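Descriptive structure summary
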Amino acid sequence: MTGAEAEDDIPLGERKTVTDFCYLLDKSKQLFNGLRDLPQYGHKQWQSYFGRTFDVYTKLWKFQQQHRQVLDTRYGLKRWQIGEVASKIGQLYYHYYLRTSETSYLNEAFSFYSAIRQRSYYYQVNKEDRPELVVKKLRYYARYIVVCLLLNKMDLVKVLVKELSEEIEEYTQRFNTEDQLEWNLVLQEVAAFIEADPVVVLNDGSNSVFVTSNRLQEGSVPPLEQGMVVGQLVLADALIVGNCNNQVKFSELTVDMFRMLQALEREPVNLATQTSKQGTLEPSEKPAKRENPHKYLLYKPTFSQLYTFLSASFKELPANSVLLVYLSATGVFPATHLDYEAGPYDFGGVLTNTNRDVVNGETVQKRNQAQKEMHCLHPGDLFAFTRKPLFIIVDSSNSAAYKNFTNLFGQPLVCLLSPTVYPKSVQDQSQRGSLFTLFLYSPLLAFSSVCGVNSVRRGLWGRAQDFLQKVFRDIGQMITRSRSIDQAFLQFFGDEFLRLLLIRFVFCSAALRLHKLFRESRSFPESYPELPKQDTVESSVLQKHVLELAAMLDAQSLFWDDALESY
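As the structure is a prediction and not an experimental result, all values here were calculated from the model. (Residues numbered from 1 in each chain as written. Predicted model: local features only at pLDDT ≥ 70, side-chain atom pairs only at ≥ 80, totals over all residues. Heavy atoms only, no water.)

1. Describing the overall build of the protein
Heads up, the condition is: In this text, helices come from DSSP runs of H or I with a minimum length of four residues, and strands from runs of E with a minimum of two, each type numbered from the N-terminal end. Residue exposure (1.4 Å probe, protein chains only): buried if accessible area is under 20% of the type maximum, exposed if over 50%, otherwise partly exposed. Contacts between residues were defined by any pair of non-hydrogen atoms, one from each residue, lying within 4.5 Å. Residue-level accessible areas treat just the shown protein chains as cover; the underlying method is Shrake-Rupley with a 1.4 Å probe.
A tally of regular secondary structure across the protein gives 17 helices and 14 strands. Out of the 567 residues belonging to the protein, those deemed buried represent 55%. In the protein, the share of contacts with a sequence separation of at least 24, taken over all contacts with a separation of at least 6, comes to 75%. When the accessible surface of the protein is summed, it comes to about 26100 Å², and 48% of that surface belongs to carbon and sulfur atoms.

2. A few points about the nonpolar core
Rules: In these notes, a set of buried Ala, Val, Leu, Ile, Met, Phe, Trp, Tyr and Cys residues joined through side-chain atoms within 4.5 Å is what counts as a nonpolar core.
Counting 154 residues, the largest nonpolar core has Leu324, Phe391, Ile393, Phe439, Phe447 and Phe507 as the members making the most contacts within it. Sorting elements by how many residues they give to this core places helix H16 (residues 496–514) first, with 14 residues. Sequence-distant contacts of Phe391, that is, excluding residues within four places in its chain, are made with Val322, Leu323, Leu324, Val325, Val414, Leu416, Phe492, Leu498, Leu501 and Leu502. Within the second largest apolar cluster, 30 residues are counted, among which are Leu298, Val350, Phe385 and Leu390.

3. Remarks on the environment of Arg139
Considering the arrangement of structural elements, one finds Arg139 in helix H6 (residues 131–150). Relative accessible area serves as the criterion here: at 46%, Arg139 is assigned to the partly exposed category.

4. A look at the pattern of salt bridges
As a reminder of what qualifies: Here, a salt bridge means any Lys or Arg side-chain nitrogen found within 4 Å of an Asp or Glu carboxyl oxygen.
Tallied over the full model, the rule gives 20 salt bridges. Lys136 is paired through a salt bridge with Glu84; the nearest N and O atoms lie 2.7 Å apart. Note that Lys136 is positioned in helix H6 and Glu84 in helix H4 (residues 79–100), a separation of 52 residues in sequence. Glu84 gets classed as buried once you look at its relative accessible area, which sits at 14%. Note that Glu167 is salt-bridged to Lys137, the shortest N-O span being 3.0 Å. Of this pair, Glu167 sits in helix H7 (residues 154–175) while Lys137 sits in helix H6, and the two are 30 residues apart along the sequence. A relative accessible area of 12% means that Glu167 is categorised as buried. Here the salt bridges share partners, and the residues they tie into one network are Glu84, Lys88 and Lys136.

5. Let's talk about the environment of Gln64
For the record, the criterion: Here a polar contact is recorded for every N or O atom pair within 3.5 Å, except that within protein the pair must consist of a potential hydrogen donor and a potential acceptor, and residues adjacent in sequence are included only if both atoms are side-chain atoms.
Structurally, Gln64 is set in helix H2 (residues 47–66). The class of Gln64 is buried, set by a relative accessible area of 3%. When the C-alpha positions of Gln64 and Leu77 are compared, they lie 9.1 Å apart, and in sequence the two are 13 residues distant. With residues near it in sequence (within four places) discarded, Gln64 still touches Phe21, Leu71 and Ile82. There is a polar contact of 3.1 Å between the side chain of Gln64 and the backbone oxygen of Trp61.

6. Digging into the sheet that holds strand E2 (residues 209–210)
Put simply, the test is: Strand pairing follows a simple DSSP-based rule, namely that at least 2 bridges must link the two strands.
The three strands are arranged E2-E1-E13 in an open sheet whose pairing can be described as mixed. Two strands close off the open sheet at either side, each with one partner strand: E2 and strand E13 (455–456). Sheet topology places strand E1 (residues 200–202) next to E2; two bridges connect them, and they run antiparallel. Directly across from Val201, in E2, lies its bridge partner Val209.

In structure tokens form, the structure reads like this:
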């Protein structure tokens, strides 16, 4: 309230408007701050609290819209304060997305973040002599960039990064603050993240950069053959773990985590927050529930954090559901040579976070040889969770450790394991994300990458995608028709996400086996249980498909074509 007028001169109705606004503002801040204290795991605890917080912010947003004139004159409402409320609503939607995995909430967050920029809510902040307000603006930009990355709005991301760079430069020159290095690091991280994205330039006359969406879309999953009996299990929960040394990351998302989380999501329904006839933003109703698996994103977790989240997911897993564990992490190797009696803690595993020495990107044990590495997720650590259906993906230089799994409880269990050795040309790109995960996320991008192709005519790209759909239908039939395949694969095949991951895994295995640069067996993906090679990854039909796709991209010379001799 401005001091220019005595309180007594303010009409009672307007005074009540200001009082109600102050109450809603205080209540919203109190509830928002309380979100930090909620447990990060478990589905039930957070929902009612989030609902209350969201209701208060919805009321606050509508209230300031309806009483803007009174609040301007009597309260002195500034545009940056409106921007802060909009930013908090954007954050709420983003956290809803993280908690529920419902991609439509990303569109809602985008609508509010976009409105802040379009309406210049934070424009006046730079004129105020308050560095903490400028930091709010910088944080808003960083959050907006994350949402745009997740929505694959790469053109807008580049514009926002340029604006953020200018804002940071002005902020650091003007206030000479201690967080200058921190903000410059944010800029470096997002720039490296954008560069890591393997965009394909389309030669359609304009050389425009074409960014594909790789979320699950209607019609993108090969249908099951009529009468085919497969399991009815549903992927309900996924732990996505990123702990690779030196891999590009932004906002606690490595490139591999970023790709895998999209591979486990459906394409967003464009509910985007409705703009009413007056051009005002309205927070919209919750979208209809869709069967997206719930995800936990764990960046460099310690062993205890990882085990806590695993236990929470395991505890809350519904009946007839699957828990997926994706591990993208640096390998931890045993110090001693293994003998034939080696157990599930003798093969090493993948790194969990701790302050430790890392030599050449791989962790070397420094303890008594009879003891096992503590800061490591060993295959044996996951045995307890095989009491329920478990689907494991390991992308690591020591993924082979997880070949030595044992199915103790007879529940469906599959492990998909990355190559442990790559040709030098591929290894040199590993900071920009793993080739194996790229195949699971976008097989055509990955195939183009191993073919050295980064420029494709748009029409050709579309034909290659259509051809790949046919290949995937054939792979699906190979899996379901094989007489020697382990039943675990078929038990997971009823779920669309898992079906697509299995099909892409088989395609990746077949493609790398035929590629001339991938010469040793350690350069091929493996699985537990093993797939029948002749029926799947070494099928002559599939080999012919791989060579046809390579020919479409004019890269057939990179592949062994012995497979065609019989044709």
